[in-house]
Amino acid sequence: MKRRRGLAVSAVALLLVLAGCSAPVMESRPATGASGGPDVGVPNADFDDPDSDVLGWEDGYWYNESVDVDQSDGLTDAEMRAYVGRAMARVEYIRGEEFQKRVPVSVISRDEYRNRSSGGSAGEPTEYDRWNDQVWEALFVTGESQSSGSAISSTRSAAVAGFYSPTDDEIKVITGTPESPTINNATLVHELVHALQDQRYDLTKAKYGGETQDAQLATDGLIEGDAKYVEQRYADRCGGAWECVATPSSSGGSGGGGDMNLGIFLTIFQPYSDGPVYVHDLVTAEGWSAVDERFENPPESTEQIIHQTDEEPTPIKYRDRAQNGWSTFEKQGEGGSDTVGEASMYVMFWYQARNAGADTIDPRTISNVDSPYDTYNYDAEPSAGWANDRLFPYQKQTTDGSQYGYVWATEWDTERDAREFQRAYRAILDAHDAEQRAANTYVVPDGQFADAFRVTRSGTRVTIVNGPTVADLDDIRPRAA
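Residues numbered from 1 in each chain as written. Predicted model: local features only at pLDDT ≥ 70, side-chain atom pairs only at ≥ 80, totals over all residues. Heavy atoms only, no water.

### Topic: the packing of helix α3 (residues 127–138) against helix α4 (residues 148–159)
Reasoning step 1: Across the interface, α3 lies against α4 with an axial gap of 8 Å and an inter-helix angle of 75°. Classified by the angle their axes make, α3 and α4 are roughly perpendicular. Across the interface between the two elements, Asp 129, Asn 132, Asp 133 and Trp 136 of α3 pack against Ser 148, Gly 149 and Ile 152 of α4. (Axes fitted to C-alpha atoms, helices over the stretch in contact; angles between N-to-C directions. Helix = DSSP H or I, 4+ residues; strand = E, 2+ residues; numbered from the N terminus. Parallel < 35°, antiparallel > 145°, perpendicular 65-115°, else oblique. Contact = heavy atoms within 4.5 Å.)

Structure (structure tokens):
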């Protein structure tokens, strides 16, 4: 998937309808366990500035101080400063951490963000693009004639409400009215948490980037989970203990049209959904110090985020045996491979059930959540029990152009888990009218996923080989003697 490193995006303002089911309405929650403890400053009756910087006070404003801000006609510079200053103080109050410096906030139009996020994607695809196209094709999210890079860019452009850039130390909020800017409370608070994280942990460190799709989503589960959790606890206080700045409904900051691939969006959104539950459980059990510890040693897999577990992935050894011109993309990923993980596998089964009618999972169960901090359910039988996976895209140059395929080695906790994954994967092939040509060998005759597939299981290992033709399968991954 690979986002630009150091770019934390927020999709929090987007409402999404999936399989005819609206995103669940968040129930009202009491603001229990307030973070404001003995270290939080206490303002006097006149809200005078403290003698020194304290938690709950920033840039001249206390967390419970009233501000004269009216967004109905856009924010003036003075209103923006007051709005941001008090929001910073409130983030400190909830999170129990001190900002080291003021965070600049500016606005850009959605068109400007769209142009930035395209990143010059027009033109010939790079080696990374061709490699990543095979990853998303293996997940049955984008097809052979589709660019995964363009689909990811379009989806982000439609969903992102704002972002914090650690390289610039600045928040940029996306709005439809940059000439008279307005900022949603949720977006501002969410991105201020990212600024606080960066000041405390330095989000430009390599350990927060993730070398695989699964590792990236897992780390985002911590980073975005922390921000979304604080954002939700902030929202609990709005209309209650705190007065909050109203946002005009015409602000245009919560999504902006464009083409959205729901499979890609659901993958990107997983950290925002399961991350807050993960962080809430840590804070409830051990306090904010547990979150600090996870920032020192970030989670390794989305399985750990989905199921709140420390179980480590099972190592997968792989020896390339390709012949007749087929080769891996050695310079991409980890030795040419990617790990998509449990969250992306869930999306594959959900997306194919919804779009192709595959008998994998009931897509309506995505709304079956049992935590007020959760949005969507990423736990399903065919993807649960994940132990690890490595997906190796392959390429071959011919006189007629390039050909592509992949080998996807998956490891499961039990043989039952492996059989369930294999069954659900074959259900996807059935939904695309696959024809069986030999034992464990299938051909999808036409469409975006027209290819040959070999699906085999040995104990807890399920291996999928994909290529243009049945003959190519034995060249990409010759059968073991």
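Moving on from the coordinates now.
### Comments concerning the pattern of salt bridges
Reasoning step 1: Scanning all chains against the criterion turns up 20 salt bridges.
Reasoning step 2: Across the pair Arg 95 and Asp 292 runs a salt bridge whose closest N-O atoms are separated by 3.6 Å. One end of the pair, Arg 95, is in helix α1 (residues 77–95); the other, Asp 292, is in helix α8 (residues 288–296), with 197 residues separating them in the sequence. Comparing Arg 95 with Asp 292, the two get one shared label, buried.
Reasoning step 3: The residue Arg 437 makes a salt bridge to Glu 435 at a minimum N-O spacing of 2.9 Å.
Reasoning step 4: What makes Glu 435 partly exposed here is its relative accessible area of 35%.
Reasoning step 5: Look at the salt bridges and you will find they share partners, linking Arg 95, Glu 97, Arg 200, Asp 226 and Asp 292 into a network. (Salt bridge = Lys/Arg side-chain N within 4 Å of Asp/Glu carboxyl O. Buried < 20%, exposed > 50% of the residue type's maximum accessible area, 1.4 Å probe, protein only.)

### Some words on the pairing of strand β8 (residues 170–175)
Reasoning step 1: The buried count for β8 comes to five of six residues, which makes it a mostly enclosed element.
Reasoning step 2: Relative to β8, strand β6 (residues 105–109) is paired through five bridges, and the arrangement is parallel. From the neighbouring strand, Val 105 faces β8, where its bridge partner is Ile 171.
Reasoning step 3: By the bridge criterion, four bridges tie strand β7 (residues 162–165) to β8 in an arrangement that is antiparallel. Bridging from a neighbouring strand, Ser 165 pairs with Glu 170 of β8.
Reasoning step 4: Between β7 and β8, which pair antiparallel and follow one another directly, the connecting turn spans four residues, one of which, Asp 169, has a positive phi of 55°. (Pairing = 2+ DSSP bridges.)

### Here we look at the side chain of Gln 270
Reasoning step 1: Within the secondary structure, Gln 270 sits in helix α7 (residues 262–286).
Reasoning step 2: Once residues lying within four places of it in the same chain are set aside, the contact partners of Gln 270 are Leu 217, Gly 275, Thr 302, Ile 305, Ile 306, Ala 343 and Tyr 378.

### Looking at a negative patch on the surface
Reasoning step 1: Among the surface-exposed residues, Asp 359, Asp 430, Asp 433 and Asp 446 lie close enough to one another that they form a single negatively charged patch.
Reasoning step 2: Looking at where Asp 433 falls in the secondary structure, it is placed in the loop between α11 (415–431) and β12 (435–438). (Patch = residues over 30% accessible without salt bridge, like charges linked within 9 Å, V, L, I, M, F, W, Y side chains within 5 Å. Areas by Shrake-Rupley, 256 points an atom, 1.4 Å probe, with all protein chains shown as cover. Lys, Arg positive; Asp, Glu negative; His and termini not counted. Charge placed at Lys NZ, Arg CZ, Asp CG, Glu CD.)

### Describing the environment of Trp 386
Reasoning step 1: Residue placement: Trp 386 occurs in strand β10 (residues 386–398).
Reasoning step 2: Each C-alpha atom of the pair Trp 386 and Met 345 lies 9.2 Å from the other, and the pair is 41 residues apart in sequence.
Reasoning step 3: Apart from residues lying up to four places away in sequence, Trp 386 is in contact with Asp 214, Ser 301, Glu 303, Pro 313, Thr 339, Gly 341, Glu 342, Met 345, Glu 411, Trp 412 and Asp 413.
Reasoning step 4: A distance of 2.8 Å separates the side chain of Trp 386 from the side chain of Asp 389, its partner in a polar contact. (Polar contact = N/O pair within 3.5 Å; in protein donor to acceptor, adjacent residues only side chain to side chain.)

### Quick look at the sheet that holds strand β13 (residues 441–444)
Reasoning step 1: Strand order in this open sheet of seven strands is β9-β10-β11-β15-β14-β13-β12, and the pairing throughout is antiparallel. Strand pairing shows two members of the sheet lacking a second neighbour, β9 (327–328) and β12, which therefore form its edges.
Reasoning step 2: Bridge count for β13 against strand β14 (residues 451–458) is four bridges, and the pairing is antiparallel. Paired with Tyr 442 across the strands is Phe 453, a residue of β14.
Reasoning step 3: Its contacts with the sheet place helix α10 (residues 341–356) against β10 and β11 (401–412), and it is angled at close to 70° to β10.

### Observations regarding the state of the cysteines
Reasoning step 1: Taken as a whole and judged by the stated rule, the model has one disulfide.
Reasoning step 2: One disulfide in the model links Cys 238 with Cys 244; its S-S distance is 2.0 Å. Torsion about the S-S bond of the Cys 238 and Cys 244 cystine: about -85°, corresponding to left-handed handedness.
Reasoning step 3: On the accessibility criterion, Cys 244 (25% relative accessible area) is partly exposed. (Disulfide = S-S within 2.5 Å.)

### Focus on unusual backbone geometry
Reasoning step 1: Phi is positive for Gln 308, close to 50°, though the residue is something other than glycine.
Reasoning step 2: Assignment of secondary structure puts Gln 308 in the loop between α9 (302–307) and β9.
Reasoning step 3: Note on Gln 308: relative accessible area 36%, which makes it partly exposed.

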